[in-house]
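As a plain string of letters, each chain reads:
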Amino acid sequence: MTDRERFYRKPGFQIPLICLVALLTLAIAFWKSIKSRFIRHQLSEAIFNSTNGLYRISYDSLRVDEAAGNLTVVNLRIIPDTDRYAALLRGPEHPPILVRAEVPLLTVTGVKTPRAALNRELAGSTISLFSPTITLYYGGKAAVPPSRKPWYGQLMGTLGKISMDTVSLNHARIDYFRFSGRSRILHASGLKVTLFHLRLDTLFHQDSSNLIFSGAATLQCPFLECFSDDGWYHFDLIGVSFDSRLKICLADSVKIIPQLDEETFARTMKVQKDRYDFWMEGVYVQQLLPVQLMKGRLIASRISIRSASFKVYHDLSLPRGTQSRVGHYPQQELMKIPFPVQVSEVTLDRGFIQYKEKNPRSDSAGKIQFFNASASLGPVTNIVAARIGDGRSTLRFQAKFMGLIPARATLVMWPWDSSGRFSLQGDLEGFELGQLNPVLEPMGLIRADQGTVQGLDFQLDGDNYKSSGSLVFRYSGIRLSLLKKDKVLHGLKEKTLASLVTALILKSGNPSSRNQPARKVRVQYSRDILRSFFNLIWKSIWTGVKRTVGL
């Protein structure tokens, strides 16, 4: 399983809402228990018994206005028995999550007490939790389900139904750990969740048209951070908001932040491995289906990204890994997403893309860069029922290559084809060849001394193991020098004899004369299965260019 798959499979996907419902049912136990003459004793015992002895409860003060149906609790503490939970984990049945909570203020208003007494039903206006600190511990999935009764039903005890107009969690902090080893999975702060028209019913299954037992929900999260298992990356979400009524979700920024710099990362890996540094700003999800999201499905009409930066670093000086990269094309990675996805279109308005590669032969790194990139991709799905026609997905892309050269490409992918089938067509407009020296010198040990490029057009078809197609590279007045590493000055110097030979065999222009058409070359390239999809595309194009100029 890849790092990304492990990240998506983390059980914290619905944590804030699980917390809210868990604390809600514990709050209801308050109300149920205050009917007793011996309120403080009965309250603790109610929580202890309804959760099989896993939790104890304490608070500083509790004020009840039974006539108005109001309850106020100050400094509520829900304390789990970690020793008992550890013992349960050794058996086949256990709750997957243990909750610890501190709530400075909890209020319940407008409770209709006669209905609760006569019909085992609790109905009211609002339940609010202010500035709670919630700590969750994930113990893992049980080998067999702990009970046929819903988990919220166990907390509710003999109370059959709960209905509230509004339930809110205000300015909450949530921390999520693995119970074993206490390593952190997730941290969120400033969280606000509101549920409208909530209904919990232990006698009936949840209405499939409802959202988290409610008619509607909103969420605001100023900051959420997830942690990769290996500690190499943090995943940050900043300024997230969600409204089920409008079917939208927005995020100010989404970041994948490497925790090691490029050189340290390379030394730590010990073999060649890509280092990622990504961020996106202004992420907007439209026509998001909230009920499907709660079922673990991402169904939306469009995801738009205002701006983004994608950087990849690769160090060729390290030993090569032995793991095959077959099955890791973009469309194949889509099919591996461990939850159903259906999005009509994903768009990027403005982006920066960089591939940086360190070459031991030059002892330096070159950067392939695209500025002001815009792109659209769609449809995007791994759901069989949502597949249209032959299931193709098309990426349309345009940018300024190296910040100067207009570039366009169209990539057609067939996610459902196990052979990794794809088709790529693209072109570059004219430029002076010397503009590519920042790439040619460190990555290819070639310097362009002169030459003008009129354009580059290519078309490739490929699969898991090869690519083939055609390429037209139009240029004139080209002169190149071959380079090698200068061991004394620690730079690059010209290979004089090799450069002279190159000058003799080099085809100085394409077309060779004004009266002739430009030469088109066939491209056939066998993939190095230890290399990435990007490497296959780059090497295929480079092979066609070299063949055109006579190298």
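Residues numbered from 1 in each chain as written. Predicted model: local features only at pLDDT ≥ 70, side-chain atom pairs only at ≥ 80, totals over all residues. Heavy atoms only, no water.

### Focus: the overall build of the chain
For the chain, the count of helices and strands is twelve helices and 23 strands. Per-residue burial over the chain gives 48% buried out of 551 residues. Here the analysis covers contacts within the chain between residues at least 6 apart in sequence; of these, 66% occur between residues at least 24 apart. About 27000 Å² of surface is accessible on the chain, with carbon and sulfur atoms providing 54% of the total. (Helix = DSSP H or I, 4+ residues; strand = E, 2+ residues; numbered from the N terminus. Buried < 20%, exposed > 50% of the residue type's maximum accessible area, 1.4 Å probe, protein only. Contact = heavy atoms within 4.5 Å. Areas by Shrake-Rupley, 256 points an atom, 1.4 Å probe, with all protein chains shown as cover.)

### Thoughts on the packing of aromatic side chains
Scanning the model with the defined rule gives 16 aromatic pairs in all. Arranged with centres 6.1 Å apart and planes meeting at 5°, the rings of Trp-538 and Trp-542 form a pair that is stacked. In this pair, Trp-538 and Trp-542 both sit in helix α12 (residues 533-549), four residues apart, roughly one turn of the helix. Cluster of aromatic residues (ring-pair linked, three or more members): Tyr-85, Tyr-137, Phe-177 and Phe-179. One residue, Arg-421, lies across the ring of Trp-414, its end atom 3.7 Å from the ring centre. (Phe/Tyr/Trp six-rings, centres within 6.5 Å; stacked < 30°, edge-to-face > 60°. Lys NZ or Arg CZ within 6 Å of the ring centre and 35° of its normal.)

### Concerning a nonpolar patch on the surface
Nonpolar side chains collect at one region of the surface, where Leu-497, Leu-500, Val-501, Leu-504, Ile-505 and Leu-551 lie side by side and expose about 630 Å² of accessible area between them. Mapped onto the secondary structure, Val-501 falls in helix α11 (residues 496-505). (Patch = residues over 30% accessible without salt bridge, like charges linked within 9 Å, V, L, I, M, F, W, Y side chains within 5 Å. Salt bridge = Lys/Arg side-chain N within 4 Å of Asp/Glu carboxyl O.)

### Considering the nonpolar core
One finds Leu-186 and Leu-191 to be the most contacted residues of the largest nonpolar core, which totals 67 residues. Ile-368, Ala-407, Met-443 and Leu-536 belong to the second-largest nonpolar core, a separate cluster that totals 46 residues. (Core = buried A, V, L, I, M, F, W, Y, C linked by side-chain atoms within 4.5 Å.)

### Points about the side chain of Gln-272
Its place among the elements puts Gln-272 in the loop between α7 (262-269) and β12 (275-286). From its side chain, Gln-272 meets the backbone oxygen of Leu-318 in a polar contact 2.9 Å long. With sequence-adjacent residues up to four places away left out, Gln-272 is seen in contact with His-314, Asp-315, Leu-316, Leu-318, Pro-319, Arg-320, Gly-321 and Arg-531. (Polar contact = N/O pair within 3.5 Å; in protein donor to acceptor, adjacent residues only side chain to side chain.)

### A closer look at the pairing of strand β13 (residues 298-315)
Bridge count for β12 against β13 is eleven bridges, and the pairing is antiparallel. For Arg-275, the partnering residue across the bridge sits in β13 and is Tyr-313. Relative to strand β14 (residues 341-359), β13 runs parallel, the two being bridged by 16 bridges. Bridge pairing in β14 links Ala-308 to Gly-351. (Pairing = 2+ DSSP bridges.)

### A few points about the pattern of salt bridges
Across all of its chains, the model carries 14 salt bridges by this definition. Between Arg-173 and Asp-175 there is a salt bridge, and its shortest N-O distance comes to 2.7 Å. For Asp-528, the salt bridge goes to Arg-320, with nearest N and O atoms at 2.1 Å. You can see Asp-528 sitting in the loop between β23 (520-526) and α12 and its partner Arg-320 sitting in the loop between β13 and α9 (330-336), a full 208 residues away along the chain.

### Remarks on a positive patch on the surface
Residues Arg-361, Lys-484, Lys-485, Lys-487, Lys-493, Lys-495, Lys-539 and Lys-546 make up a contiguous surface patch of positive charge. When residues of the positive patch are traced back to their parent elements, those giving at least two are β21 (466-486) and α12. Mapped onto the elements, Lys-485 comes out in strand β21. (Lys, Arg positive; Asp, Glu negative; His and termini not counted. Charge placed at Lys NZ, Arg CZ, Asp CG, Glu CD.)

### Describing unusual backbone geometry
Glycine aside, residues mostly have negative phi angles, and peptide bonds mostly take the trans form. Residue Pro-379 is bonded to the preceding Gly-378 through a cis peptide linkage, with omega at -15°. Inspection of the secondary structure assignment puts Pro-379 in the loop between β15 (364-378) and β16 (380-381). In this model, Asn-510 is joined to Pro-511 through a cis peptide bond whose omega is 5°. A positive phi angle, near 60°, is found at Lys-247, a position not held by glycine. In this fold, Lys-247 is placed in the loop between β10 (233-243) and β11 (248-258). Its identity is not glycine, yet Asn-372 carries a phi of approximately 50°, on the positive side. According to the relative accessible area criterion, Asn-372 is exposed, its value standing at 53%.

### Some words on the environment of Arg-173
Summarising the element assignment, Arg-173 is placed in strand β7 (residues 161-178). Assessed through its relative accessible area of 36%, Arg-173 is described here as partly exposed. Taking C-alpha positions, Arg-173 is 9.9 Å from Phe-223, a pair spaced 50 residues apart along the chain. A distance of 2.7 Å separates a polar atom in the side chain of Arg-173 from a polar atom in the side chain of Asp-175.

### Structural notes on the environment of Asn-510
Along the chain, Asn-510 falls in the loop between α11 and β23. For Asn-510, a relative accessible area of 0% translates into the label buried. Sequence separation between Asn-510 and Arg-474 is 36 residues, and the spatial gap between their C-alpha atoms is 5.0 Å. If we ignore the near neighbours within four places in the chain, the residues touching Asn-510 are Gln-454, Phe-473, Arg-474, Tyr-475, Ala-518, Arg-519 and Thr-548.

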